Amino acid sequence: MRNKYLKQLYARRTELEAKLELHIARYCFGDGEIEDGTEADLKERIREVSDEIAALEQGHTS
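Note that this is a predicted model, so its numbers are computed, not measured.

J.: Can you help me understand the pattern of salt bridges in this one?
T.: When charged atoms on two side chains of opposite charge get close, those side chains can pair. Considering all chains together, one arrives at 5 salt bridges under this definition. Between Lys19 and Glu15 there is a salt bridge whose closest N-O contact spans 3.5 Å. Taken as a pair, Lys19 and Glu15 lie in helix 1 (residues 2-28) at a separation of 4 residues, close to a single helical turn. Classification of Glu15 as partly exposed rests on a relative accessible area of 36%. With its nearest N and O atoms 3.0 Å apart, the salt bridge here joins Glu39 to Lys43. Of this pair, Glu39 and Lys43 both sit in helix 2 (residues 38-61), 4 residues apart, which is roughly one turn of the helix. Salt bridges sharing partners connect three or more residues here, namely Arg12, Glu15 and Lys19.

In structure tokens:
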């Protein structure tokens, strides 16, 4: 059960990172002239998922 949830978290983090990369690329090429908080929101969500992954991995190795 834990491994399945970890895989889901890894997939979710990968998805969020891809969205962040796309957002940054659009901003760099002028498609996102106004900062609407999307980048900060995505970074925060990635941090939250990463923290959860770390906690589960730490608990798994203990």
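J.: Sorry, what's going on with helix 1 here?
T.: A turn of α-helix holds 3.6 residues, and therefore any two residues three or four places apart point the same way. Along its 27 residues, helix 1 runs 39 Å from first to last C-alpha, staying within 8% of the 39 Å computed at 1.5 Å per residue. Residues of helix 1 that are buried include every one of Leu6, Leu9, Leu16, Leu20 and His23, and no others. Note on helix 1: the residue one or two positions beyond its end, Gly30, has a positive phi of about 85°.

J.: Help me understand the nonpolar core in this model?
T.: As a rule of thumb, soluble globular proteins bury nonpolar side chains together. Judged by nonpolar contacts, Leu6, Leu9, Leu16, Leu20, Leu42, Ile46, Val49, Ile53 and Leu56 together constitute the single largest core of 9 residues. Those elements giving two or more residues to this core turn out to be helix 1 and helix 2. Of all the elements, helix 2 adds the most residues to this core, at 5 residues. Once residues lying within four places of it in the same chain are set aside, the contact partners of Leu16 are Leu42, Arg45, Ile46 and Val49.

Rules used throughout
Residues numbered from 1 in each chain as written. Predicted model: local features only at pLDDT ≥ 70, side-chain atom pairs only at ≥ 80, totals over all residues. Heavy atoms only, no water. Salt bridge = Lys/Arg side-chain N within 4 Å of Asp/Glu carboxyl O. Helix = DSSP H or I, 4+ residues; strand = E, 2+ residues; numbered from the N terminus. Buried < 20%, exposed > 50% of the residue type's maximum accessible area, 1.4 Å probe, protein only. Expected span 1.5 Å × (residues − 1). Core = buried A, V, L, I, M, F, W, Y, C linked by side-chain atoms within 4.5 Å. Contact = heavy atoms within 4.5 Å.

Just geometry here; none of it tells us what the structure is for.
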